[in-house]
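Descriptive analysis of the structure
These are the residues of each chain, in order.
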Amino acid sequence: METKNNNVYDIAVIGAGPAGSVFVFELAKARPELKILLIDGQSKESAKPCGGLLAPDAQKLLARFDLVLPKSVLEDPQIFAVETIDIDQKFVRYYQRYYLNMDRYAFDSWLLSLIPKNVDVIGARCKEIKKDGELYRISVKNADGEITFSSSAIVGADGGGSIVRRTFFEPMKVQYVAIQEWYENRGQRLPYYSCIFDAKTSDSCSWTIHKGNYVVFGGAFRREGCREAFAEQKSRLEAFLGNSFGEVKKTEACLVSSPRRMRDFKTGEGSVFLLGEAAGFISPSSFEGLSSAMYSGKLLADAFAKGAPHEKVQKLYRKETRSLRLKLRIKSVKRAILCNPFTRKIIMKSGIQSISPYTKNK
Ligand SMILES: Cc1cc2nc3c(=O)[nH]c(=O)nc-3n(C[C@H](O)[C@H](O)[C@H](O)COP(=O)(O)OP(=O)(O)OC[C@H]3O[C@@H](n4cnc5c(N)ncnc54)[C@H](O)[C@@H]3O)c2cc1C
């Protein structure tokens, strides 16, 4: 499908997070003749709120792409364990982890830098997408004003708050508001990396992570009263740790999806495709989503690489993501077990797979 008009593309991708970037660089390599537009609204100031931990599955994927991480993407310190805290039940357990601690914005920028020059990349926010005959009209806005593009296919790689998903499909049923605060690291005794449960303020989990000169405390909260729940959990955690986070240097928030049912995963229809968190590909138990985002990007690129009509690409992509969907569905069972105070207590008390002596009433 060759196009001549400058503002008309074969594929327009909304979102240059890990899903969009991997999709674009893999497809641009396989089908250099395609006219691809990548639209992204992220800047250092509006960077994606994230823990920035690269899990083993994501590391394996990068290895499969024959990619190695530049040192500039890594963040200080590197961690070996997660301190799991149940505030309500006053339990603490340590479990070994094999994550890489990264600067998330640096990671996204690095992936974006791998995209070949024949792709048009535009820094702008997509405001509206409308079907217009055989094409889709995409209105975007940036400092230069409003621009409209047309494209034969739309790829929504625009994360948890996806405009593409909202416009064309059923939204994700369960979405939390993820809130993170950044504090100066003054050497106060705060866990390097922790996973926090507090049934009183959230039915999900929270975390602390050290990032260079900062300590981040974040968590996922039900939409209604999320700010109050965050504030209450923070003070309960400070009381539990016997330490204060200190002055807030930065606050960030975004929606984060928590897929619970098979139909929460939506891969697309017709000429509209969804990737990464927009498709629901994120772990509902840990919110680990970088591996699923990159993996789905690769699978859709492979499906497009075959050069088939969009309907066939949809079918192939849906088929290839089946094991990913199943894996994430199973994680929602794990979530139900971990986020239930009773079953969590049994697991933590048993000490199974932990690397520390059982500590009570810390
Ligand atoms: C607080 C928090 C902590 C997390 N911590 C971790 C972690 O430590 N490890 C891990 O593996 N996962 C983590 N996750 C999950 C992970 O961040 C996501 O699953 C992953 O980023 C999804 O990648 P994506 O490419 O699908 O979407 P995103 O990374 O969300 O990228 C979407 C991109 O689209 C752009 N965009 C969105 N809307 C528009 C628009 N209208 N116009 C133009 N551009 C747009 C955004 O600017 C962004 O660049 C965390 C999530 C949250 C919320």
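Residues numbered from 1 in each chain as written. Predicted model: local features only at pLDDT ≥ 70, side-chain atom pairs only at ≥ 80, totals over all residues. Heavy atoms only, no water.

1. Looking at the site of the ligand
Note the threshold: One heavy atom within 4 Å of a molecule or strand is enough for the residue carrying it to be called near that molecule or strand. We define a polar contact as two N or O atoms separated by no more than 3.5 Å, with the added condition that, inside protein, one atom must be a possible hydrogen donor and the other a possible acceptor, whereas residues neighbouring each other in sequence contribute only through side-chain atom pairs. Every helix listed is a DSSP run of H or I at least four residues long, and every strand listed is a run of E at least two residues long, numbered separately from the N terminus. For this classification, the nonpolar set comprises Ala, Val, Leu, Ile, Met, Phe, Trp, Tyr, Cys and Pro, the charged set comprises Asp, Glu, Lys and Arg, and every other residue, Gly included, is treated as polar. In this entry, domain limits derive from an automatic or database-based domain assignment.
Close to the ligand lie 36 residues, the nearest being Asp40, Gly51, Leu53, Arg104 and Cys126. Within the contact set of the ligand, a nitrogen atom lies 2.9 Å away from a backbone nitrogen or oxygen of Leu53. Between an oxygen atom of the ligand and a side-chain N or O atom of Glu288, the distance comes to 3.2 Å. Listed by contribution, the elements that provide at least two residues to the shell around the ligand are helix H1 (18-30), strand S8 (125-132), strand S11 (175-184), strand S15 (248-257) and helix H6 (290-305). Looking at the shell around the ligand residue by residue, the classes come out as 19 nonpolar, 10 polar and seven charged. Of the residues that make up the shell around the ligand, three or more belong to each of domain 1 (8-46 + 104-172 + 263-334) and domain 2 (71-102 + 174-258 + 336-360).

2. Considerations on unusual backbone geometry
Heads up, the condition is: Using a 1.4 Å probe on the protein chains alone, a residue whose accessible area is under 20% of its type maximum counts as buried, one over 50% counts as exposed, and one in between counts as partly exposed.
Going from Asp76 to Pro77, the amide bond is cis rather than trans, its omega being -5 degrees. Residue placement: Pro77 occurs in the loop between helix H2 (56-64) and strand S4 (81-86). A positive phi is found at Asp66, a non-glycine position, where the angle reads about 60 degrees. The residue Asp66 is located in the loop between H2 and S4 in this model. Of the residues examined, Asp66 reaches a relative accessible area of 71% and is grouped as exposed. With phi around 65 degrees, Phe287 is a residue other than glycine that occupies positive phi space.

3. Quick look at the packing of aromatic side chains
The condition that has to hold: Any Phe, Tyr or Trp ring, taking Trp's six-membered ring, that has another such ring centre within 6.5 Å forms a pair; planes under 30 degrees apart are called stacked, those over 60 apart edge-to-face, and the others tilted. Two conditions define a charge sitting above a ring: the NZ of Lys or the CZ of Arg must be within 6 Å of the ring centre, and it must be within 35 degrees of the ring normal.
Here the structure, examined in full by the defined rule, presents 16 aromatic pairs. When the centroid spacing of 6.2 Å and the interplanar angle of 80 degrees are considered together, the rings of Tyr176 and Phe287 count as edge-to-face. Of this pair, Tyr176 sits in strand S11 while Phe287 sits in the loop between strand S17 (272-274) and H6, and the two are 111 residues apart along the sequence. Judged by relative accessible area, Tyr176 falls into the buried class, the value being 0%. Linked through ring pairs, Tyr183, Phe217, Phe221, Phe230 and Phe245 together constitute an aromatic cluster. Here the guanidinium or amino end of Lys35 rests over the ring plane of Tyr9, the centre of that ring lying 4.1 Å away.

4. Considering the environment of Lys130
Mapped onto the elements, Lys130 comes out in strand S8. On the accessibility criterion, Lys130 (48% relative accessible area) is partly exposed. Measuring from C-alpha to C-alpha, the distance between Lys130 and Ala153 comes to 12 Å, with 23 residues separating the pair along the chain.

5. Some points on the packing of H1 against H6
Here is the rule we go by: Lines fitted to C-alpha atoms define the axes here, with helix axes fitted over just the stretch in contact, and angles between the N-to-C directions of these axes take values from 0 to 180 degrees. Should an angle lie under 35 degrees it is considered roughly parallel, over 145 roughly antiparallel, and from 65 to 115 roughly perpendicular; all remaining angles are considered oblique. If you view the pair so one helix is near and one far, a crossing is left-handed when the near helix is turned anticlockwise from the far one by less than a right angle, and right-handed when it is turned clockwise. By definition, residues are in contact when any of their heavy atoms lie within 4.5 Å.
Remark: H1 packs on H6, axes separated minimally by 7 Å, with the N-to-C direction vectors making an angle of 30 degrees. One way to sum up the angle between H1 and H6 is to call them roughly parallel. Two packed elements cross with a definite hand, and for H1 against H6 that hand is right-handed. Taking contact as the criterion, the partners of Pro18, Ala19, Val22, Phe23, Glu26, Leu27 and Ala30 in H1 are, on H6, Leu290, Ala293, Met294, Gly297, Lys298, Leu300, Ala301, Phe304 and Ala305. Split by residue class, the contact of H1 with H6 holds 13 nonpolar, one polar and two charged.

6. As for the domain arrangement of the chain
As a reminder, the rule being used: Accessible surface is computed with a 1.4 Å probe, and the buried area is the amount of it that two parts give up when combined, taken over both parts together. Here, a salt bridge means any Lys or Arg side-chain nitrogen found within 4 Å of an Asp or Glu carboxyl oxygen.
By the assigned domains, the chain splits into domain 1 (8-46 + 104-172 + 263-334) and domain 2 (71-102 + 174-258 + 336-360). Using C-alpha coordinates to define each centre, domain 1 is positioned 30 Å away from domain 2. Taken together, the 16 residues of domain 1 in the interface contact 17 residues of domain 2. Between domain 1 and domain 2, the buried area comes to about 1,400 Å², and carbon and sulfur atoms account for 64% of it. When the buried area of domain 1 at its contact with domain 2 is split by residue, Met172, Phe287 and Lys334 rank highest and sum to 40% of it. Linking domain 1 with domain 2 are zero salt bridges. The interface formed by domain 1 and domain 2 contains nine residue pairs in polar contact (both at pLDDT 80 or more). At the level of secondary structure, the elements contributing two or more residues to the side of domain 1 that touches domain 2 comprise helix H3 (104-113) and helix H8 (322-338). Here the side of domain 1 that touches domain 2 gets four residues from one element, more than from any other, and that element is H3. Among the residues forming the side of domain 1 that touches domain 2, the class breakdown is nine nonpolar, four polar and three charged.

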